[in-house]
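What the coordinates show
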Amino acid sequence: MHRPIDESGHGTGGGAGRGPVPPPHRPHPVPPAGPAGSWTDPGDGVPDPGRVDPRVLGALLARHGWRRRGGPAGRYGRWTPPGDGPGGGTSLLVPDTLAFPDSEELIGEALTALARSGTPAAREVLTGLAVPSDEIRWWREVPPGPAGTVPWPAQEQLRAAARGVLLAGALAVRGRAGYHGSRHRSAARAALDAVLVGTDPGGRALTAFLPVPPGRPLAVRLHHALHAAREAVDYQRATNGMEAFDSAVEAGVSRELTEALVALVRGTEGVRIALAWAPAAGVPDGCAARPEPVEFSPGDLPALREASARYLTDEPSVPVRITGAVVRLRRSGPRGGGTVKLRVLGGAEVGHVRVALDEEAYRTAGHAHLVGLPIRVVGRLESRGGFRRLADASDVVPVQVDEAERDRLMKSLHEDLDYFEEACGPGE
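What you see as residue numbers is a count from 1 along each chain, following the sequence as written. Only residues with pLDDT of 70 or above have their local features reported here, since the model is predicted, and side-chain atom pairs are shown and tallied only from 80 upward, although totals for entire chains, interfaces and linings are computed over all residues. Note: side-chain values were computed over all heavy atoms of the structure, leaving out hydrogens and water.

What follows is about the packing of aromatic side chains. Classification of ring pairs rests on two measures: the distance between centres of Phe, Tyr or Trp rings, Trp counted by its six-membered ring, which must be within 6.5 Å, and the angle between planes, read as stacked under 30 degrees, edge-to-face over 60 and tilted in between. Per the stated rule, a full pass over the model turns up three aromatic pairs. Between the aromatic rings of Tyr-179 and Phe-387, the centroid separation amounts to 5.9 Å while the plane-to-plane angle is 40 degrees, which identifies the pairing as tilted. Remark: Phe-387 occurs in the loop between β15 (375-382) and β16 (389-398) and Tyr-179 occurs in the loop between α4 (152-174) and α5 (185-191); sequence separation between them is 208 residues. Here the two residues Tyr-179 and Phe-387 agree in accessibility, since each one is buried. Seen in terms of ring centroids, Phe-245 and Tyr-311 are 6.4 Å apart; in terms of plane orientation they differ by 80 degrees. Their pairing is edge-to-face. Of this pair, Phe-245 sits in helix α7 (residues 243-248) while Tyr-311 sits in helix α9 (residues 301-314), placing them 66 residues apart in sequence. Note on classification: 1.4 Å probe, protein chains only; a residue is buried when its accessible area is under 20% of the maximum for its type, exposed when over 50%, partly exposed between these limits. Residue class for Tyr-311 comes out buried when judged on its relative accessible area of 4%. Over the aromatic face of Phe-387 sits the side chain of Arg-183, whose NZ or CZ is 3.7 Å from the ring centroid. For helices the rule is a DSSP run of H or I covering at least 4 residues; for strands it is a run of E covering at least 2, with both sets numbered from the N terminus onward. Working rule: Lys NZ or Arg CZ, within 6 Å of ring centre, within 35 degrees of ring normal, means a charge sits over the ring.

On to the packing of helix α8 (residues 255-265) against α9, then. Packing of α8 against α9 leaves a shortest axis separation of 9 Å and a crossing angle of 150 degrees. It follows that α8 is roughly antiparallel to α9 by the angle criterion. α8 and α9 meet at a crossing whose hand is left-handed. On α9, the residues that touch Arg-255, Thr-258, Glu-259, Leu-261, Val-262 and Val-265 of α8 are Leu-301, Leu-304, Arg-305, Ala-307, Ser-308, Ala-309, Tyr-311 and Leu-312. Throughout, the ten residues Ala, Val, Leu, Ile, Met, Phe, Trp, Tyr, Cys and Pro are labelled nonpolar, Asp, Glu, Lys and Arg are labelled charged, and all others, Gly among them, are labelled polar. Residues belonging to the contact of α8 with α9 are distributed by class as follows: nine nonpolar, two polar and three charged. Each axis is a line fitted through C-alpha atoms, taken for helices only over the stretch in contact, and angles between the N-to-C directions span 0 to 180 degrees. Angles are sorted into four bins: roughly parallel if under 35 degrees, roughly antiparallel if over 145, roughly perpendicular if 65 to 115, and oblique for all others. With the far helix as reference, a near helix turned anticlockwise by less than a right angle produces a left-handed crossing, and one turned clockwise produces a right-handed crossing. Throughout, a contact is declared for two residues whenever any of their heavy atoms are within 4.5 Å.

Turning our attention to the sheet that holds β16. Around the barrel, which closes on itself, the five strands sit in the order β12-β13-β14-β16-β15 with mixed pairing between neighbours. Across the sheet, the mean angle separating the axes of adjacent strands is 50 degrees when strand polarity is ignored. Any two strands between which DSSP finds at least two bridges are classified as paired. The pairing of strand β12 (residues 318-330) with β15 spans seven bridges and is antiparallel. Counted as the bridge partner of Gly-324 is Ile-375 from β15. Packing against the sheet, helix α10 (residues 359-370) makes contact with β12, β13 (338-346), β14 (352-357), β15 and β16, and its axis sits at approximately 65 degrees to β12.

Let's shift gears to the confidence of the model for the protein chain. A score between 0 and 100, pLDDT records how confident the predictor is in each residue. Mean pLDDT over the protein chain stands at 82; residues scoring 70 or higher make up 82%. Counting interchain partners and residues more than four positions distant, the pLDDT-below-50 stretch residues 1-44 has 121 contacts. For the stretch residues 416-428, pLDDT sits under 50, and the model shows 21 contacts to residues farther than four places along the chain or on other chains.

In this structure, Trp-138, Leu-166, Leu-261 and Phe-296 are the most contacted members of the largest nonpolar core, which totals 54 residues. Broken down by element, the residue count for this core peaks at ten residues, all from helix α6 (residues 216-239). When residues no more than four places from it in sequence are discounted, the contact partners of Phe-296 are Leu-226, Ala-229, Arg-230, Val-233, Leu-261, Val-265, Gly-270, Val-271 and Leu-304. Ala-348, Val-353, Leu-373 and Leu-381 belong to the second-largest nonpolar core, a separate cluster that totals 24 residues. The definition of a nonpolar core used throughout is a set of buried Ala, Val, Leu, Ile, Met, Phe, Trp, Tyr and Cys residues joined through side-chain atoms within 4.5 Å.

For the rest of this paragraph, the subject is the sheet that holds strand β5 (residues 76-80). Taking strand neighbours across the sheet as the criterion, the three strands line up as β4-β5-β6 in an open arrangement whose pairing is antiparallel. At either end of the open sheet lies a strand with only one pairing partner, and these are β4 (67-70) and β6 (92-95). Ignoring which end each strand starts from, the neighbouring axes of this sheet average 45 degrees apart.

The peptide bond linking Val-212 to Pro-213 adopts the cis configuration, its omega dihedral lying at -20 degrees. Structurally, the position occupied by Pro-213 is in the loop between β9 (205-211) and α6. Cis geometry is adopted by the peptide bond preceding Pro-214, which originates at Pro-213 and carries an omega value of 15 degrees. In this fold, Pro-214 is placed in the loop between β9 and α6. In this model, Asn-240 sits at a positive phi of 65 degrees, which is unusual for a non-glycine residue. Residue classification places Asn-240 among the exposed residues on the basis of a relative accessible area of 60%. The backbone of Phe-387 shows a phi angle near 60 degrees, a positive value even though the residue is not glycine.

Computed over the protein atoms alone on a 1 Å grid, cavities are sets of points where a 1.4 Å probe fits but cannot get out and pockets are open sets with protein on both sides within 12 Å along at least five of seven lines; a residue lines them when it has an atom within 4 Å of a point. Grid points are joined across faces, edges and corners, and a volume is the space filled by probe spheres set on the points. By volume, the largest pocket is sized at about 540 Å³. Lining the largest pocket are 21 residues, and of these Arg-63, Ala-276, Trp-277, Ala-289 and Arg-290 sit closest to its centre. If you list the elements that add at least two residues to the lining of the largest pocket, you get α1 (54-63), β7 (133-141) and β10 (270-276). Its residues assigned to classes, the lining of the largest pocket comprises 13 nonpolar, three polar and five charged.

In structure tokens form, the structure reads like this:
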């Protein structure tokens, strides 16, 4: 069963030598709006057989473990699902081209059989047809529970770690950094909205489907980042040097990625991550046609943890000029400087920052807040605390805005009076 991280998405692409593959006649259903990170069922949708490229169908069947058992080359193929013997179980008769009169009918029968099968291998093929997607698959070797099952906490750990890997990739698409902190996080989370997820019944594997577009940049970045992380770990274990992790930042490796890999590997005998490109969209430039799976083991944990700590401490502060609305003020007495919290409107890819101000600047911020004006401030966005603090603040001035924006800010002030703390209130 396939489940979206937030909501389902659509994408299209072009097959080799055939041009773009049209979207399915009946769109993949969109689930009701739910909380971020929900795992609700997106529903069932079978593509229009007249719009299915048989070469794409054959590539997806082979990718997901179906085996071609015979049939004249260039005409038809008999496909059986994973684990079935040569003569048993469901089989599909799939044409190799659309040149034959019964090609569309055979494709329709194959799609109907896949929809009725309900097995993970069948559902994954239908998902790949309905929403042409790059696929990322995670496997974890964990101690089995009763009857070979995987305990619920281990399944939850796999889901959380896989989402962390995807989020790290989305952050790297926005910009390269050893530590992103709160920067670009909203945009990165939004990039995961269209990702679909399929779970393995045994709880040891999980597949993410990244629609093409908009997910291709994320898939490409993770392809480079995961291989760079593997090479950096190998270098550290061989030489005890961390230099490879420094250069791996340009490929997309970060504290966020190493932390996600630590969570993925912890408590297992090993993990494997494989990526496969959407057959309908072709291979992106600079990438292998069939990327080798990337493997990590418990022996890699010390290197990953050391790299994570290194990224956290080495990421430099960033000089910025931020425009933000004052949403909170605090100082310990009626005189002197204090701390303000800004909702960032521009100048930095973060949601909020805290700024320590001297008495004059604090008074300016308070007056701007009371009349519904944002302020502009110059300083250094510190990596400590996740880039949520502005140091060495100066040049605090109110910023004129149009009447509509000013009315909105004033409304926000009145709605948040419970959070507005008087300048002479108690200290934190």
